[in-house]
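What follows is the residue order along each chain.
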Amino acid sequence: MSTNKTYTVPTYAAFGWLTFSTFLAVFGPLLPVESFRTIHGDFLDAKPFTAGHWFGVDSNGYDIFSGIINGARLSLFVAFITVGIGGFIGSLLGITAAYYRGRYDSIVNTAFNVVLAVPNLVLALALVAVLATNVDINEAVPTWRRLATLMISLTVVIIPILGRIARASALTWSGREFVVAARSMGMRDRHIIWRHIVPNVLPVLIAVGFLAVGVVIIAEASLSLLGVGIPDGASWGGMIARGRNDLEYNPHALYFPIIALALTVISTNHLGDVLRGRLDRREARL
Amino acid sequence: MAGSGYAHLRDSDDVVLALRDIVVEFRVGGGRVVNAVSRISIDVRRGETLAIVGESGCGKTTLGKAILQLPAPNTGQVMFEGTDLTKLPKEQLRSARTAIQMVFQDPISSLDPRMTVGEIVGEPLWIWGRGSEADREAKVRELLNNVGLDPELVLHRRSYEFSGGQCQRISIARSLALEPRMLICDEPVSALDVSIQAQILNLLQDMKDRYGLTMVFISHDLAVVKAVSNRIMVMYLGKICEVGSPDAIYSKPAHHYTSALLDSVPVPDPAYQRNNVALQGEPPSPVAPPTGCRFRTRCPAASPLCAAEEPLLREVAPDQFVACHHPRL
Amino acid sequence: MNTILSIAAMNIKFVTPRGLLEAVHEVSLDIPVGSSVGIVGESGSGKTVLSRAAMGLLSGSTVRREGKVVFDGKELTTMTREQVRNEFGTGMAMIFQDPMTALNPVRRVGTQIAESLRIRLGMSKKAAVVRTIELLSLVQIPDPQAMLRKFPYQLSGGMRQRVMIAIAISCSPKLLFADEPTTALDVTVQSQILQLLSDLRRELKMSMVLVTHDLGVVAGNTDYVAVMYAGEIVEQAPTSELFANMKMPYTEALLKSIPTIHMQSGKRLAVIEGRLPDPTSRLQGCSFAPRCPYVQPKCTAEHPPLVNAGNDHLYRCWFPLGQTIARKQ
């Protein structure tokens, strides 16, 4: 294949950044960095490049560097889990709908369209509002429940996005004659889906999955700004939400989470595009 | 339409496949219905090759797939070796199908691009758990050898590395893996170069002899069909026009449509003069087929009778049946 | 005789990971004004690459091209891409095997044709619509008025090809390239389209290059034929001379492998054994020698030159057919 172009610098950069932040997310707690919960009273509002606090300290006394590392864990954790679960459910629905067609397909497809018609954020917000409130308003909602609710809401956002891609791709593959051939040989439907359709749909899903990670990170951050993000405001979005309050006195508390967030979303989008481009070129040869 | 009718059906013990009043309809948007196959009855004897010939959209492929119940016909019987496939429960149908296999038109689309040739040809054996892994590989090698491919060279490569003709050989090897008794070939050579067509046609003949197959051969080209078939059925808009032996049909076609099809085959001789005007226009929509004889809108011999009444198949010469009010004979 | 297109000493190589792939080797071909020339060969013979190069459509970092193409007195090979582009439509036009990919699926047929008229000929909107209807009737589309509002997916393959032809002739080109224009079509539609092309050629005084793998298509529709094998022209002659007096064993083999309605049923078809030689390494002798039934020691040792047999008949063979030379069969 002469089309196998070597990767460009931005691709390496994007890959490098995602690897790095994933590393921070996984091994963050093991690094010789103080807990992000430690309050540094002496360094309140310290500017960046202060010795010991290279990213500075916010007005509550939290070290921003520790916050970024901890935030990577939460933001990426939420993003990958929701895209993973949402992608699984979405592609299961999408692929089976495309394969079996008929009534089941129209129901699934309509459901996808209905969910997609509501803007992501509004949908997530509505779900959080419904699921994460107590009947007794005096009783606080436990953190785990708020986190679970948030992730469920984001998953619901992801399901139709990936589901529709999976359905469209599976639809073209189910029309191929090798699927008819497999049926005529007496292959069971679930084997046909598993052996012939899933492997062909998967690469597209992975490429779009990267884009979806970006969507989720942004959605979570936006929810944080609205005050219903990951509890305790420890994600990157949460840091931005907190820092917003004293933008005038301590703007650097915002810079770093914003940069981290932007780099991550740009990287996932870029990698998604690169993967898609490679796939398109490969499909063109088939 | 040509027409319906049962005059051409044969009553003998060696009829392997008997289709009776097959109807296949598809719903298209707006509540309209495409009459892809309208009450077709035909039978195939053991060891025979039935060619189904007609233009795109005449329902020939749909009829071929209806034999395998992919999808099943809306109404009608598909009697294969005495069993009506349309009445079989799902599990029994699954195993009954293995006796009938299919070779498709598009050699590229009929092979999974992600699988190696070994996996593709071995897949039917894997599905049915035939033999051990080693047995299966030996069988795959044998099959590849039989279709003229070198197992050593092709076993671990993927389909997109091969030419159309080679892909069609792989596809034929796969269709023979379960040792079927009947092979349905859906335009197996129309996507290939002329020079390769002959190779594949010969290969199919060889495989038919070697495995004792009964064949249904679907094509739009009467020339391609000539070499391989014992019986010809010409279809137009979901109906039978003419059925009979190749000798009769090629030398004196009785239906005006058959004769038009024969005339449009390109002749590799610059001095050749066509004796008839080529068939004009295209078939009307199968959503609203013409009344009476479906071919009448393009037929040079059409009369008011053709619009009023559907012609039934009747014998015009020994083993030659035609559905036409004004046959050429 | 005036030539509309002249290809001289054309060599085309592609840079691939496996090395230089020689697609076209030392090809010279003249297309006389007003004539129809067929380029015949199997997939991989270089016929499509040659025709693309002749239209100046072949460029890119992986292409190595030598030789000269003169179209209508202008040398295409030294022109810029912009200048070559200007030749399209008014100078030359082309139609492809698959008209679906050449038409925009989401725009109406009428808009697509009218748009090309407005852009290339600077017509007013009204004039363009009038001319579009004229063109559609010229390509014998029934009810051109209704056709204007249709989308490509609503048309049959034959109708789409007619629309493509309408677009191709919209700016009255002097030369029409038809690359396998009927390969994807039914035989009945094929004969209609070929008839249409010859009618249009006479009516519009166009020259035409017909690229095909089928000698049968070439027979009734061209004045000259060039047969290509492994990137070279192996035989070239006026069509009637070629069919009456074949010199090259390859051409004969190609002709014999065509299934016809006149062959005996149940008989094996003649085939060309083996396959095309590897294009990354040119053979020392004749490239057809490994598959030739009449091969002699000299054939594998020396590459045969293109010889003129008189009557405009060129061939590339040491032991041409029709000469009394002892051949071992």
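Residues numbered from 1 in each chain as written. Chains lettered and ligands numbered in written order. Predicted model: local features only at pLDDT ≥ 70, side-chain atom pairs only at ≥ 80, totals over all residues. Heavy atoms only, no water.

## Re the overall build of chain C
Here is step 1: Within chain C one finds 12 helices and 12 strands.
Here is step 2: The globule rule puts the C-alpha radius of gyration for 329 residues at 20 Å, and the 21 Å found for chain C is close to it.
Here is step 3: Burial analysis of chain C (329 residues in total) assigns 54% to the buried set. (Helix = DSSP H or I, 4+ residues; strand = E, 2+ residues; numbered from the N terminus. Rg over C-alpha atoms; globule rule 2.2 N^0.38 Å. Buried < 20%, exposed > 50% of the residue type's maximum accessible area, 1.4 Å probe, protein only.)

## Concerning the overall build of chain A
Here is step 1: The helix and strand tally for chain A stands at nine helices and zero strands.
Here is step 2: Element order for chain A, N to C, with α for helix and β for strand: α-α-α-α-α-α-α-α-α.
Here is step 3: For chain A, the proportion of its 286 residues judged to be buried stands at 45%.
Here is step 4: Long-range contacts, defined here as pairs at least 24 residues apart, represent 71% of the contacts in chain A between residues at least 6 apart.
Here is step 5: When the accessible surface of chain A is summed, it comes to about 14300 Å², and 68% of that surface belongs to carbon and sulfur atoms. (Contact = heavy atoms within 4.5 Å. Areas by Shrake-Rupley, 256 points an atom, 1.4 Å probe, with all protein chains shown as cover.)

## Focus: the sheet that holds strand S10 (residues 232-238) of chain C
Residues and elements named next belong to chain C.
Here is step 1: Spatial ordering of the open sheet is given by S6-S7-S8-S3-S9-S10-S12-S11, a layout of eight strands whose pairing is mixed. The sheet terminates laterally at strand S6 (92-95) and strand S11 (307-308), the two strands that pair on one side only.
Here is step 2: Pairing analysis gives four bridges linking strand S3 (residues 36-40) to strand S9 (residues 224-229), with the strands arranged parallel. Its bridge partner lying in S9, Ile39 is registered against Ala226.
Here is step 3: Seen against the sheet, helix H7 (residues 157-169) touches S6 and strand S7 (175-179) and runs at an angle of roughly 170° to S6. (Pairing = 2+ DSSP bridges. Axes fitted to C-alpha atoms, helices over the stretch in contact; angles between N-to-C directions.)

## With respect to a nonpolar patch on the surface
Residue and element names in this part refer to chain A.
Here is step 1: Taken together, the side chains of Phe77, Ile81, Ile85, Phe88, Ile89 and Leu92 present a nonpolar region at the surface, about 550 Å² in accessible area.
Here is step 2: Residue position: Ile85 is located in helix H2 (residues 64-100).
Here is step 3: Note on Ile85: relative accessible area 44%, which makes it partly exposed. (Patch = residues over 30% accessible without salt bridge, like charges linked within 9 Å, V, L, I, M, F, W, Y side chains within 5 Å. Salt bridge = Lys/Arg side-chain N within 4 Å of Asp/Glu carboxyl O.)

## Here's the deal with the packing of H2(A) against helix H7 (residues 189-225) of chain A
Residue and element names in this part refer to chain A.
Here is step 1: Running from N to C, H2 and H7 point in directions that differ by 145°, and their axes come no closer than 7 Å. Where H2 crosses over H7, the handedness of that crossing is right-handed.
Here is step 2: For the contact of H2 with H7, the per-class residue count stands at 18 nonpolar, five polar and two charged. (Left-handed = near helix turned anticlockwise from the far one by under 90°. Nonpolar A, V, L, I, M, F, W, Y, C, P; charged D, E, K, R; others polar.)

## Concerning the interface of chain C and chain B
Here is step 1: The partner chain B presents 41 residues to the 40 residues of chain C that form the contact.
Here is step 2: Across the chain C/chain B interface, buried area totals approximately 3400 Å², and carbon plus sulfur atoms make up 56% of it.
Here is step 3: If you look at where chain C meets chain B, you find one salt bridge.
Here is step 4: B:Asp206 is paired through a salt bridge with C:Arg268; the nearest N and O atoms lie 2.5 Å apart.
Here is step 5: For the pair chain C and chain B, the interface holds 12 residue pairs in polar contact (both at pLDDT 80 or more).
Here is step 6: Breaking the side of chain C that touches chain B down by element, the ones donating at least two residues are H7, helix H8 (187-204), helix H9 (215-219), helix H10 (239-244) and helix H11 (249-256) of chain C.
Here is step 7: The dominant element in the side of chain C that touches chain B, judged by the number of residues it contributes, is H8(C), at five residues.
Here is step 8: Its residues assigned to classes, the side of chain C that touches chain B comprises 16 nonpolar, 18 polar and six charged. (Buried area = accessible area lost by both parts, 1.4 Å probe. Polar contact = N/O pair within 3.5 Å; in protein donor to acceptor, adjacent residues only side chain to side chain.)

## As for the pairing of strand S2 (residues 32-45) of chain B
Residue and element names in this part refer to chain B.
Here is step 1: By the criterion of burial, S2 is predominantly enclosed, with 10 of the 14 residues buried.
Here is step 2: Note: strand S1 (residues 15-28) against S2, 10 bridges, orientation antiparallel. Across the sheet, the residue bridging to Leu17 is Val44, located in S2.
Here is step 3: Here S1 hands over to S2 after three residues, with Gly30 in that stretch at a positive phi of 75°.

## Some points on the sheet that holds strand S5 (residues 83-84) of chain B
Residues and elements named next belong to chain B.
Here is step 1: Within the open sheet, the four strands sit side by side as S2-S1-S4-S5. Their pairing is antiparallel. The open sheet is flanked by S2 and S5, the only strands paired with a single partner.
Here is step 2: Of the strands in this sheet, S1, S2 and strand S4 (75-80) touch helix H1 (residues 60-67), which is tilted by about 120° from S1.

## Re empty space enclosed by the protein
Here is step 1: A complete count under the given rule lists nine cavities of 30 Å³ or more for this structure.
Here is step 2: For the largest cavity, the calculated volume is near 320 Å³.
Here is step 3: As for the largest cavity, its lining consists of 25 residues, and the residues nearest its centre are B:Val194, B:Gln197, B:Asp221, C:Gln190 and C:Asp214.
Here is step 4: Among the elements of the structure, helix H7 (194-211) and helix H8 (222-226) of chain B together with H8 of chain C are those that each provide at least two residues to the lining of the largest cavity.
Here is step 5: The class makeup of the residues in the lining of the largest cavity is 11 nonpolar, 10 polar and four charged.
Here is step 6: The calculated volume of the second largest cavity comes to roughly 80 Å³.
Here is step 7: In terms of lining, the second largest cavity is formed by C:Met248, C:Pro249, C:Cys286, C:Phe288, C:Ala289, C:Cys292, C:Tyr294, C:Cys299, C:Arg316, C:Cys317, C:Trp318 and C:Phe319.
Here is step 8: Per-class residue counts for the lining of the second largest cavity are 11 nonpolar, no polar and one charged. (1 Å grid on protein atoms, 1.4 Å probe; cavity = no way out; pocket = protein on both sides within 12 Å on 5 of 7 lines; lining within 4 Å. Points joined across faces, edges and corners; volume = space filled by probe spheres on them.)

## Comments concerning the pattern of salt bridges
Residues and elements named next belong to chain B.
Here is step 1: Here the structure, examined in full by the defined rule, presents 34 salt bridges over all chains.
Here is step 2: Glu48 serves as the salt-bridge partner of Arg10, at 3.0 Å between the closest nitrogen and oxygen. Here Glu48 lies in the loop between S2 and strand S3 (49-53) and Arg10 lies in the segment before S1, a separation of 38 residues in the sequence. Taken as a pair, Arg10 and Glu48 share a single burial class, namely buried.
Here is step 3: Between Glu81 and Arg181 there is a salt bridge; the shortest N-O distance is 2.6 Å.

## Side note on the side chain of B:His255
Here is step 1: Here B:His255 shows up in the loop between helix H9 (246-251) and helix H10 (256-264).
Here is step 2: Looking at B:His255, its side chain comes within polar contact range of the main-chain nitrogen of B:Tyr257, at 3.0 Å.

## A short note on H8(C)
Here is step 1: With 18 residues, H8(C) ought to run about 26 Å at 1.5 Å a step, and its terminal C-alpha atoms sit 25 Å apart, in line with that.
Here is step 2: Counting buried positions over the 18 residues of H8(C) gives 13, a clear majority of the element. (Expected span 1.5 Å × (residues − 1).)

## Let's talk about the nonpolar core
Here is step 1: Residues B:Leu144 and B:Ile172 are the most contacted members of the largest nonpolar core, which totals 63 residues.
Here is step 2: In this view, B:Ile172 contacts B:Val103, B:Val147, B:Ile200, B:Leu203, B:Leu204 and B:Met207; residues no more than four positions away in its chain are not counted.
Here is step 3: Counting residues in each nonpolar core, the second largest holds 62 residues, with A:Leu154, A:Ile158, A:Phe178 and A:Met239 among its members. (Core = buried A, V, L, I, M, F, W, Y, C linked by side-chain atoms within 4.5 Å.)

## Brief notes about the packing of H2(A) against helix H5 (residues 143-174) of chain A
Residue and element names in this part refer to chain A.
Here is step 1: Two elements in contact, H2 and H5, have axes separated by 6 Å at closest approach and are oriented at 40°. The orientation of H2 with respect to H5, classified from their angle, is oblique. Considering only the axes of H2 and H5, their crossing is right-handed.
Here is step 2: A per-class count over the contact of H2 with H5 returns 19 nonpolar, nine polar and one charged. (Parallel < 35°, antiparallel > 145°, perpendicular 65-115°, else oblique.)

## Considerations on the confidence of the model for chain A
Caution applies to low-pLDDT regions: their predicted coordinates should not be interpreted in detail.
Here is step 1: This prediction gives chain A a mean pLDDT of 82; 89% of its residues lie at or above 70.
Here is step 2: Of all helices and strands in chain A, the one with the weakest mean pLDDT is helix H4 (residues 120-131) of chain A (79), whereas helix H3 (residues 102-117) of chain A scores best (91). (pLDDT = per-residue confidence, 0-100.)

## Overview of the environment of C:Cys317
Here is step 1: Along the chain, C:Cys317 falls in the segment after strand S12 (314-315).
Here is step 2: Excluding its chain neighbours within four sequence positions, the residues that come into contact with C:Cys317 are C:Met248, C:Pro249, C:Pro304 and C:Pro305.

## Quick notes on the state of the cysteines
Here is step 1: Under the counting rule described, the total for this entry stands at zero disulfides over all chains.
Here is step 2: No disulfide involves B:Cys306; its sulfur sits 5.8 Å from that of B:Cys293, the nearest cysteine. (Disulfide = S-S within 2.5 Å.)

## A few points about helix H1 (residues 47-54) of chain C
Residue and element names in this part refer to chain C.
Here is step 1: Of all the eight residues making up H1, six are buried; the element is thus mostly covered by neighbouring parts of the structure.
Here is step 2: Buried within H1 we find Lys47, Val49, Leu50, Ser51, Ala53 and Ala54.
Here is step 3: Downstream of H1 by a residue or two, Gly56 has a phi angle that is positive, lying close to 70°.

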